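Given next are the chains, with one letter for each unit.
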Amino acid sequence: MFNDIGALELVTIVVLAILIFGPDKLPKVIQDVSGFIRKIRAFSDSAKQDIRSELGPEFKDFEFEDLNPKTFLRKQLAENEDLQELRTSFDLRKELNEVTDAVNSRETRPAPTAAPASATPAAGAGPDLLKKPAAPAPEPRTPFDADAT
């Protein structure tokens, strides 16, 4: 319940409790608070038992902690044999290497021979998407004058 309270926070709470209630009334306040917490736990436990008894014998192993979505998912994923098999069979590095090899081999393959210039595409056909565009002609360099700079 108080897993995330450190020593400094606990000391601060104790000092504040002593200052607020005083050393005389503090034991009585602690006793009242602990009794209240015990009553709440007893009420909660009896409510859980009532719900389990009303659900019937097929839900005798039912745990209320399983209703927490994180716990439910963790339990379902751990019990599912297909997912366990998928986890063990799937190697991300291997898959990435295969994809990389496939991409690199496609780029290094020679381009298919182009159709003759006299051949025209069929009517209604779009542009040839496999044909690479022609490289632009290099621009002529302007002469460099070392004296001008």
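What you are looking at is a predicted structure, and each value in this text was computed from that prediction instead of being measured. (Residues numbered from 1 in each chain as written. Predicted model: local features only at pLDDT ≥ 70, side-chain atom pairs only at ≥ 80, totals over all residues. Heavy atoms only, no water.)

1. Digging into the overall build of the chain
Broken down by element type, the chain carries 4 helices and 0 strands. Buried positions account for 5% of the 149 residues belonging to the chain. Approximately 14500 Å² of the chain is accessible, and the part contributed by carbon and sulfur atoms is 61%. (Helix = DSSP H or I, 4+ residues; strand = E, 2+ residues; numbered from the N terminus. Buried < 20%, exposed > 50% of the residue type's maximum accessible area, 1.4 Å probe, protein only. Areas by Shrake-Rupley, 256 points an atom, 1.4 Å probe, with all protein chains shown as cover.)

2. Thoughts on helix H1 (residues 7-55)
For H1, built from 49 residues, the straight-helix expectation of 72 Å at 1.5 Å per residue is missed by more than 12%, its first-to-last C-alpha distance being only 43 Å. Gly22 marks where H1 bends most, by close to 105°; the proline Pro23 follows one to four residues later. Ala17, Gly22, Leu26 and Arg52 are the residues of H1 that are buried. Just downstream of H1, Gly56 is the residue with a positive phi angle, here 105°. (Expected span 1.5 Å × (residues − 1). Bend = angle between axes of the 7 residues up to and from the residue.)

3. Notes on the pattern of salt bridges
Enumeration according to the criterion identifies 1 salt bridge in this entry. Across the salt bridge formed by Asp32 and Lys28, the nearest N and O atoms sit 3.2 Å from each other. Of the two residues, Asp32 and Lys28 are both situated in helix H1; the distance of 4 residues between them amounts to about one turn of the helix. (Salt bridge = Lys/Arg side-chain N within 4 Å of Asp/Glu carboxyl O.)

4. Focus on the confidence of the model for the chain
For the chain, mean pLDDT is 77; residues scoring 70 or higher make up 74% of the total. Across the chain, the secondary-structure element scoring lowest on mean pLDDT is helix H3 (residues 81-89), at 68, and the one scoring highest is H1, at 91. (pLDDT = per-residue confidence, 0-100.)

5. Quick notes on a negative patch on the surface
Taken together, the side chains of Asp91, Glu95, Glu98 and Asp101 define an acidic patch exposed on the protein surface. With respect to the helices, strands and loops of the structure, Glu98 is situated in helix H4 (residues 92-108). (Patch = residues over 30% accessible without salt bridge, like charges linked within 9 Å, V, L, I, M, F, W, Y side chains within 5 Å. Lys, Arg positive; Asp, Glu negative; His and termini not counted. Charge placed at Lys NZ, Arg CZ, Asp CG, Glu CD.)

6. Observations concerning the side chain of Arg52
Structurally, the position occupied by Arg52 is in helix H1. Under the relative-accessibility criterion, Arg52 is labelled buried at 18%.

7. Some details on the environment of Ile30
By the secondary structure assignment, Ile30 is in helix H1. When the C-alpha atoms of Ile30 and Ala17 are compared, they prove to be 9.6 Å apart, with 13 residues separating the residues in sequence.

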